[in-house]
Every structure is written in structure tokens, then in C-alpha cells.
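# Geometric and topological summary
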Amino acid sequence: SLFGIRGVSNQSVSAAVCANPSLRHLDVSNISNISDDCVSQIAMSCPNLASFYAIACLNLSDEGLSHIVRNCPDLAWVNLNGCQKLSNTLLSLMAR
């Protein structure tokens, strides 16, 4: 879990997570500056994710999160509470 780490850069998050490609569970909640690009890199490097929590990550949008949904077929648990840039398009993609 990287929950709430303050002042961490997207590069640091990406490097830490991508160095563990067999990662199954990831919590980046309350990392206010995490970006769509960072989440896209995580999705490409960690296709075995079963759970992904990004509560109150205000910079995340459909663009980054759609990569998680598409590239992580084992994804069963997602919490995006407080992510304000999401649309019904992402929710439809998640429902498939």
C-alpha cells in the first residue's frame, strides 16, 4: 500500500510499483498528485492486479483508469470513491 504518502512523485510511484510486476493488490489512495500517465504505466507493468484502490485521487480520469480496466483481466475490486473526473463511459467499461 502506498496509501496517503505525501510529496511522492509519479516517477517514484511508477518505479516502485513497476518493479513488482506480480503485484496483485495496490492502494494509491490519497496520493493527490498521481496522474493518468502513472496509472497507465502501472497497468502495463502489473497485469495481475486483482484490486486497485485510488480513493480521492483527484487528478485521475477515464484516460488512465481505462488502462487498468483493460489491461488487468483479474481485476475484481476497485474503489475510486472521490475521483471526480470519471464518467459513465468508464463505469460502462468496468461493468463488462
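Our structure's up above, just so we're on the same page.
In short, a report on the structure. Given the structure is predicted, the values throughout are model-derived calculations rather than measurements. (Residues numbered from 1 in each chain as written. Predicted model: local features only at pLDDT ≥ 70, side-chain atom pairs only at ≥ 80, totals over all residues. Heavy atoms only, no water.)

## Some details on empty space enclosed by the protein
A complete count under the given rule lists 1 cavity of 30 Å³ or more for this structure. Quantified by volume, the largest cavity comes out at close to 30 Å³. The biggest single contributor to the lining of the largest cavity is helix H3 (residues 62-71), with 3 residues. Classifying every residue of the lining of the largest cavity by side-chain character gives 7 nonpolar, no polar and no charged. (1 Å grid on protein atoms, 1.4 Å probe; cavity = no way out; pocket = protein on both sides within 12 Å on 5 of 7 lines; lining within 4 Å. Points joined across faces, edges and corners; volume = space filled by probe spheres on them. Helix = DSSP H or I, 4+ residues; strand = E, 2+ residues; numbered from the N terminus. Nonpolar A, V, L, I, M, F, W, Y, C, P; charged D, E, K, R; others polar.)

## What to know about a nonpolar patch on the surface
A contiguous nonpolar patch, built from Val78, Leu91 and Met94 and spanning about 220 Å² of accessible area, is present on the exposed surface. Tracing the backbone shows Met94 in helix H4 (residues 88-95). What makes Met94 partly exposed here is its relative accessible area of 30%. (Patch = residues over 30% accessible without salt bridge, like charges linked within 9 Å, V, L, I, M, F, W, Y side chains within 5 Å. Areas by Shrake-Rupley, 256 points an atom, 1.4 Å probe, with all protein chains shown as cover. Salt bridge = Lys/Arg side-chain N within 4 Å of Asp/Glu carboxyl O. Buried < 20%, exposed > 50% of the residue type's maximum accessible area, 1.4 Å probe, protein only.)

## So, the pattern of salt bridges
Side chains that carry opposite charge are capable of pairing whenever their charged atoms lie near each other. The final tally for this structure, using the stated rule, is 1 salt bridge. Two residues, Asp74 and Arg24, come together in a salt bridge whose shortest N-O distance is 3.3 Å. Taken together, the positions of Asp74 in the loop between H3 and strand E3 (77-79) and Arg24 in the loop between helix H1 (10-18) and strand E1 (25-27) put the pair 50 residues apart, joining distant regions of the chain. Among the residues examined, Asp74 registers a relative accessible area of 41% and is labelled partly exposed.

## A word on the state of the cysteines
All chains considered together, the criterion is met by 0 disulfides. With no disulfide of its own, Cys46 lies closest to Cys18 among cysteine sulfurs, the gap being 5.3 Å. No disulfide involves Cys72; its sulfur sits 7.5 Å from that of Cys46, the nearest cysteine. With a relative accessible area of 1%, Cys72 lands in the buried category. (Disulfide = S-S within 2.5 Å.)

## Points about the packing of helix H2 (residues 36-45) against H3
The geometry of H2 relative to H3 is characterised by a closest axis approach of 7 Å and an angle of 10 degrees between their N-to-C directions. Taken together, the axes of H2 and H3 are roughly parallel relative to one another. From H2, Asp36, Asp37, Val39, Ser40, Ile42, Ala43 and Met44 reach across to H3, where they touch Glu63, Gly64, Leu65, His67, Ile68 and Asn71. Its residues placed into classes, the contact of H2 with H3 shows 6 nonpolar, 4 polar and 3 charged. (Axes fitted to C-alpha atoms, helices over the stretch in contact; angles between N-to-C directions. Parallel < 35°, antiparallel > 145°, perpendicular 65-115°, else oblique. Contact = heavy atoms within 4.5 Å.)

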